[in-house]
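# Structure assessment
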Amino acid sequence: RRLGEDLRAGWAWACFGLLAPPVWTAIALLPSLAARRRLLKTACKRLMALSGVRLRIEGLERLPAGPCVLVCNHASYMDVLLLTVALPEDIRYVAKRSFRSHWLTRLFMERLATLFVARDDPRQGLADTAPLEAALRGGDRLLIFPEGGFVRAPGLQPFRMGAFVVAADTGAPIVPVALWGTRSLLRGESWFPRPGLARMTIGAPIVPTQADWAEALRLRERAYAEILRHCGEPAVAGVPAPTGA
């Protein structure tokens, strides 16, 4: 059994190794953002199929056509691959600033119009909401992992406030997105991807009614409850909610 798992993991990494260099190069060189996004979606679909990963999607029709903030639980590096396959190509990711520390990831992500925020500094994290608000007012749809990262142990971590402050200030609806099963496909601190089934559930938009801190807290509570219903993991108890973005 272990040999079979090792062989499947080796096959998945071999597929990634073959796809990654030409995809990175094409994204670095293609002049059109739309073309870069289409290429990445196609590559992610191919990698998902070759790795034996299947995805069931519910609620895609609930996505607003205009500006909104998608908030999603984060359990695995596999999450981004599945979200890229499932969601419209114009969704802009919001990532932690540490990804800019290496030119390989920085160039790749900047060419895909990724926005960056500080995850570890609460004051800087909230200051970083200004470019997010500008993007929303410009008509963009953003995707944020409000847990700020993932750990090996199962459980939905407390949500940071940045996404919900941005939504309250701009009037953009919050769209809860729940991923189920991705942790078992590729666990944190593991390099052994496994084939299997994941599910994505997109909830109804939560529309802000006012622009203040209390409203941001209400949006966070409702989004957390909705994602908790569908992610298949328990809430992490006894951890104070952080205030960074």
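The coordinates are above.
A short tour of the structure in this document, coming up.

## Looking at the nonpolar core
Residues Leu-70, Leu-82, Leu-83, Leu-87, Leu-143 and Met-200 are the most contacted members of the largest nonpolar core, which totals 34 residues. When residues of this core are traced back to their parent elements, those giving at least two are α1 (2-29), α2 (33-50), β1 (53-58), β2 (68-72), α3 (78-86), β3 (91-96), β6 (174-180) and β7 (196-202). Those residues within four positions of Leu-87 in sequence are excluded, and the remaining contacts are Lys-41, Leu-60, Leu-63, Leu-70, Leu-143, Met-200 and Ile-202. Grouped together as the second largest cluster of nonpolar side chains are 29 residues, Val-117, Leu-132, Ala-172 and Cys-231 included.

## A few points about the pattern of salt bridges
When charged atoms on two side chains of opposite charge get close, those side chains can pair. Under the counting rule described, the total for this entry stands at seven salt bridges. Where Asp-140 meets Arg-92, a salt bridge forms, and the shortest distance between an N and an O atom there is 2.8 Å. Taken together, the positions of Asp-140 in the loop between α6 (129-137) and β5 (141-144) and Arg-92 in strand β3 put the pair 48 residues apart, joining distant regions of the chain.

## A few points about the environment of Arg-62
Locating Arg-62 in the fold gives a position in the loop between β1 and β2. Not counting residues up to four positions away in its chain, the partners in contact with Arg-62 are Ile-202, Gly-203, Ala-204 and Pro-205.

## Looking at the packing of α1 against α2
Contact geometry for α1 and α2: axes closest at 10 Å, N-to-C directions at 175°. The pairing of α1 with α2 is recorded here as roughly antiparallel in orientation. Within the contact between the two elements, α1 uses Trp-11, Ala-12, Cys-15, Phe-16, Leu-19, Val-23, Ala-26 and Ile-27 and α2 uses Arg-36, Leu-39, Leu-40, Ala-43, Arg-46, Leu-47 and Leu-50. In terms of residue class, the contact of α1 with α2 is made up of 13 nonpolar, no polar and two charged.

## So, the packing of aromatic side chains
One pass over the structure, following the stated rule, counts five aromatic pairs. A centroid spacing of 5.7 Å and a plane angle of 85° characterise the contact between Trp-24 and Trp-103, whose relative ring orientation is edge-to-face. Of this pair, Trp-24 sits in helix α1 while Trp-103 sits in helix α4 (residues 103-111), placing them 79 residues apart in sequence. According to the relative accessible area criterion, Trp-24 is partly exposed, its value standing at 22%. Ring geometry for Phe-159 against Tyr-224: centres 4.9 Å apart, planes inclined by 65°, an arrangement best described as edge-to-face.

## Focus on the sheet that holds strand β4 (residues 115-117)
The seven strands lie next to each other as β1-β7-β6-β2-β5-β3-β4, forming an open sheet whose pairing is mixed. The strands lining the two open edges of the sheet, one partner per strand, are β1 and β4. Adjacent strand axes in the sheet meet at a mean angle of 25° when their direction is disregarded. When β6 meets β7, the two strands line up antiparallel, connected through four bridges. In the strand pairing of β7, Val-177 is matched with Ile-202. On the sheet, α3 packs against β1, β2, β3, β5, β6 and β7 and is oriented at approximately 55° with respect to β1. Across the face of the sheet, helix α7 (residues 162-170) comes into contact with β2, β5 and β6 while running at roughly 160° to β2.

Conventions used here
- Residues numbered from 1 in each chain as written.
- Predicted model: local features only at pLDDT ≥ 70, side-chain atom pairs only at ≥ 80, totals over all residues.
- Heavy atoms only, no water.
- Core = buried A, V, L, I, M, F, W, Y, C linked by side-chain atoms within 4.5 Å.
- Buried < 20%, exposed > 50% of the residue type's maximum accessible area, 1.4 Å probe, protein only.
- Helix = DSSP H or I, 4+ residues; strand = E, 2+ residues; numbered from the N terminus.
- Contact = heavy atoms within 4.5 Å.
- Salt bridge = Lys/Arg side-chain N within 4 Å of Asp/Glu carboxyl O.
- Axes fitted to C-alpha atoms, helices over the stretch in contact; angles between N-to-C directions.
- Parallel < 35°, antiparallel > 145°, perpendicular 65-115°, else oblique.
- Nonpolar A, V, L, I, M, F, W, Y, C, P; charged D, E, K, R; others polar.
- Phe/Tyr/Trp six-rings, centres within 6.5 Å; stacked < 30°, edge-to-face > 60°.
- Pairing = 2+ DSSP bridges.

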